[in-house]
Amino acid sequence: MNRRSTLLLFLLLSGLASYGQSTEGIDACQTTKTRYFGKVFRDAQARQASVANYLSGQAYPGDSTIDITYYGLNLRLTHTPAYLNGATTISFKATSANLSRFFLDLNTQHKVDSIKVGRGGAGAVLTFVRETNRVQVTLPQPLSIGQAYTLTVFYQGNPASASGFGSFAFATHGPTNAPVIWSLSEPYGTQDWFPCKDTPADKADSSAVDLTADKQFVSVSNGRLIGTTDNPDGTRTYRWRNSYPIAHYLISLAMTNYQQYDTPFTSGTQTMPVNHYVYPETLPSIQANLDLTPNMLRIFTERFGPYPFLREKYGHAEFNWRGGMEHQTISSMGAWNPGIIAHELGHQWFGDKITCRNWQNIWLNEGFATYSEALYVEATGGATSYNANINGNMTRARSATGTLYVQNISSINSIFDNNRSYSKGAVVLHMLRGVLGEDVFFRAIKNYVAAPNLAYGTAITEDFQAIVEQTAGRKLDYFFREWIYGQGFPTYRVTWQDASTTGKPGVQVRLTQTPGTNPVSFTMPVQMRVGSAAGDTLVTVFNDLADQTFTLPAKGAPTGVVIDPNNLIMKQVTSTSMTVTGIEDPSESSLVVYPNPASDKLTVKFKLEKPGTVTVSLVNLLGSSVSSHSMQLVKSGEQTLSLPVPPVAAGRYILRVDTPTGRQSVGVMIR
Ligand SMILES: [Zn+2]
């Protein structure tokens, strides 16, 4: 789901919704998302309380004694009055012995007329008891473990009144106020419009949606349209069939006077339909963006592997929320900038093909979809665009609170936290790419998408970690522990000093982390760029202590150290400073310069171990000597020199003293 869907869902309730077409670019889109989030966030406590009430009537997550294999929805809908007459067929297998009683989740607002055995309810009538947001069904004979069963629930009601959270809407659009009906079930709204086992953990093997309504409606759902029927009562039925495994919340409907616009996608020898169902008044302004879809499919196919639902289709169905929702093979869309189109398309791999097994692991959906946006801009705009996207996500992710693993799933806002589940999730993948390197990272992503135990199934963080570790050939506990189950990000303080020995330039870098709570300090490989006039050296160190010192090579006299120059880590660097340098501990260095800062005169004190030539140089931060003074046959012992400050630009310099026994340096400020 695009985060704005959730937001707007609440905005609708609070009457703040603004419908309309978005022409924003990706950055503007992100800003809008954040802005809308800010608006609704003020009401967080009230909302959280109402969600808790909503959940209290049910034993989420569904009845574990049944394993769903099929949902077949046969729905008759009227817009005015807003009403649904449903016959939903459910096939399942018993997962416990002697199963004689089980429950389905169905919002209390719906009246259950009957439950009958078989597809379409051709068989015997079953006994049931209506409970709060549930239907308890009693079977005539108990089922043994693994035994299959099919029944059909006949029910009716107004799903919009059932859905306190906008999971089902009757609205209008455009200059003619054309009626529109749509669903958006994620996370807890499926039971507002059909009986189900309300958990993302239990996917059906396939599904079917038959939609009957007045002829003005073009009715859209998952999978392939196998036919339409004009009925004697003036209604039309659209019959949609999905032959892939599907999570209950990814089953959708969207119905209005759609105009269909097609941009087919060819992969190898296969051509797949890409069908956009758009409001007639919207199409002209968004056609150019819809035309981007096949290229996005090509880019993601390269990155993630084949589009998961190639036998069927991809498509969009417009709705009034200014976000998107990744319904399987048919994303519901209210905004059309390339970022949102890429996000919902990315979900077809991450969310739809592999679904988070529980809402605590929503980052496996949203973090990956948000990162898909970055990969799309990288493929089309290069490294600069990618870096800008990641920077934006890092900025938001730094504001994230709590762990990426969602602690409180009774709060929809907590599940779909913009800064955390989306931006931090994407940043974690960016950082993993930095840890693994290009080749291993993208192989790991493809292996994850194709893993036999996960593909078309569900996953939790540990499943993803296992695939990454298998691909990389090493354990990555530290990474997942601190970034998924930990909070915050490292705050580094960097000090460095010249550690050159004769003929071997080098630098000593001390990396200190401000202690946190979880974790106290972060373990990460950290890139460091050591500058010198002769060129830069890029080195990666493995930082696994809160206070750690590294000795690194340099190409010439070191002039500076930049940590993480490629922004591979979400971090803060409080300071990077040069300290008194030399091979020995700075506290033992004999070199003292004062005053510091200096403006006209510098006094330099040092101890000479052996008599000989002494050269005192002032070196700029590029490593070039700007002033040098040599003295020969200097006696050993304490030395005090008074030197005029040379006419150089104000700024930071290194005062370097070369003696027969080595070099000592100290940073000075010239005013
Ligand atoms: Zn999403």
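This one's a predicted model, so the numbers in the text were calculated from it and none came from an experiment. (Residues numbered from 1 in each chain as written. Predicted model: local features only at pLDDT ≥ 70, side-chain atom pairs only at ≥ 80, totals over all residues. Heavy atoms only, no water.)

### Let's talk about helix α12 (residues 461–472)
Consideration 1: Helix length check: α12, at 12 residues, gives a terminal C-alpha distance of 16 Å against a target of 16 Å (1.5 Å per residue), a fit within 8%.
Consideration 2: Packing partners of the buried residues in α12 comprise α8 (363–398), α10 (418–436), α11 (438–450), β23 (458–459) and α13 (477–484).
Consideration 3: Phi turns positive, to about 75°, at G473, one or two residues after α12. (Helix = DSSP H or I, 4+ residues; strand = E, 2+ residues; numbered from the N terminus. Expected span 1.5 Å × (residues − 1). Contact = heavy atoms within 4.5 Å.)

### Some details on the nonpolar core
Consideration 1: Membership of the largest hydrophobic core comes to 91 residues, with the highest contact counts inside it found for Y448, F464, F479 and M524.
Consideration 2: In terms of residue count, the dominant contributor to this core is α8 (12 residues).
Consideration 3: A domain split of this core shows at least three residues from each of domain 1 (1–57 + 259–488) and domain 3 (491–578).
Consideration 4: For F464, the residues in contact, after removing those within four places along its chain, are W363, L364, F368, L429, L432, I445, Y448 and F480.
Consideration 5: One finds L77, F168, W321 and V406 within the second-largest nonpolar core, a separate group that totals 71 residues. (Core = buried A, V, L, I, M, F, W, Y, C linked by side-chain atoms within 4.5 Å. Buried < 20%, exposed > 50% of the residue type's maximum accessible area, 1.4 Å probe, protein only. Domains from an automatic or database assignment.)

### Topic: the sheet that holds strand β1 (residues 66–78)
Consideration 1: Overall, mixed pairing links the 7 strands, which are arranged β4-β7-β2-β1-β10-β13-β12 in an open sheet. Looking at the sheet topology across the chains shown, the edges are occupied by β4 (111–117) and β12 (224–230). Averaged over all adjacent pairs, the angle separating strand axes in this sheet is 15°, with direction ignored. (Pairing = 2+ DSSP bridges. Axes fitted to C-alpha atoms, helices over the stretch in contact; angles between N-to-C directions.)

### Brief notes about helix α6 (residues 293–304)
Consideration 1: Given a rise of 1.5 Å per residue, 12 residues ought to cover 16 Å, and the 16 Å separating the end C-alpha atoms of α6 matches this to within 8%.
Consideration 2: Within α6, burial applies to T293, P294, M296, L297, I299, F300, T301 and F304.
Consideration 3: Directly beyond the C-terminal end of α6, a positive phi value near 105° is found at G305.

### A word on the packing of α6 against α8
Consideration 1: The contact between α6 and α8 brings their axes to 10 Å, and the two run at 105°. In terms of orientation, α6 and α8 fall into the roughly perpendicular class. Contacts between α6 and α8 involve N295, M296, I299, F300, R303 and F304 from the first element and S372, L375, Y376, E378, A379 and T380 from the second. (Parallel < 35°, antiparallel > 145°, perpendicular 65-115°, else oblique.)

### Quick word on the sheet that holds strand β9 (residues 178–183)
The strands that make up a sheet are held in pairs by hydrogen bonds between backbone atoms, and each pair lies either parallel or antiparallel.
Consideration 1: Spatial ordering of the open sheet is given by β8-β9-β14-β11, a layout of 4 strands whose pairing is antiparallel. The sheet is open, and its two borders are formed by β8 (168–173) and β11 (218–220), each paired with just one other strand. Looking at each pair of strands side by side, their axes are set apart by 15° on average, direction ignored.
Consideration 2: Where β11 lies against strand β14 (residues 254–256), 3 bridges are found, and the strand directions are antiparallel. Looking across to β14, one finds that V218 is bridged to T256.

### Some points on the packing of aromatic side chains
Consideration 1: Summed over the entire model, instances satisfying the criterion amount to 38 aromatic pairs.
Consideration 2: The interplanar angle of 45° and the centroid separation of 5.9 Å between the aromatic rings of F92 and Y149 together place this pair among those described as tilted. Taken as a pair, F92 in strand β2 (residues 83–94) and Y149 in strand β7 (residues 148–157) lie far apart in primary sequence, 57 residues in all. For the pair F92 and Y149, a shared accessibility class is recorded, and that class is buried.
Consideration 3: One residue, R433, lies across the ring of Y386, its end atom 4.9 Å from the ring centre. (Phe/Tyr/Trp six-rings, centres within 6.5 Å; stacked < 30°, edge-to-face > 60°. Lys NZ or Arg CZ within 6 Å of the ring centre and 35° of its normal.)

### Details of the pattern of salt bridges
Consideration 1: Following the criterion strictly, the structure yields 16 salt bridges and no others.
Consideration 2: In this structure, K475 engages E469 in a salt bridge whose closest nitrogen and oxygen atoms are separated by 3.3 Å.
Consideration 3: Relative accessible area serves as the criterion here: at 57%, K475 is assigned to the exposed category.
Consideration 4: Sharing partners across several salt bridges, the network here consists of R303, E378, R433 and E438. (Salt bridge = Lys/Arg side-chain N within 4 Å of Asp/Glu carboxyl O.)

### Observations concerning unusual backbone geometry
Consideration 1: Note that the residue after E186, namely P187, is joined by a cis bond; omega there is 0°.
Consideration 2: Structurally, P187 can be placed in the loop between β9 and β10 (206–214).
Consideration 3: Cis geometry is found at the peptide bond from Y594 to P595, where omega equals -10°.
Consideration 4: If you trace the backbone, P595 turns up in the loop between β31 (592–594) and β32 (601–608).
Consideration 5: One non-glycine residue with positive phi stands out, namely T329, at about 65°.
Consideration 6: The buried category is assigned to T329, whose relative accessible area is 1%.

### Digging into the environment of K446
Consideration 1: Here K446 lies in helix α11.
Consideration 2: For K446, a relative accessible area of 38% gives the class partly exposed.
Consideration 3: Non-local contacts of K446, meaning those with residues more than four positions away in its chain, are made with T301, E302, R303, F304 and G305.
Consideration 4: A distance of 3.0 Å separates a polar atom in the side chain of K446 from the backbone oxygen of E302. (Polar contact = N/O pair within 3.5 Å; in protein donor to acceptor, adjacent residues only side chain to side chain.)

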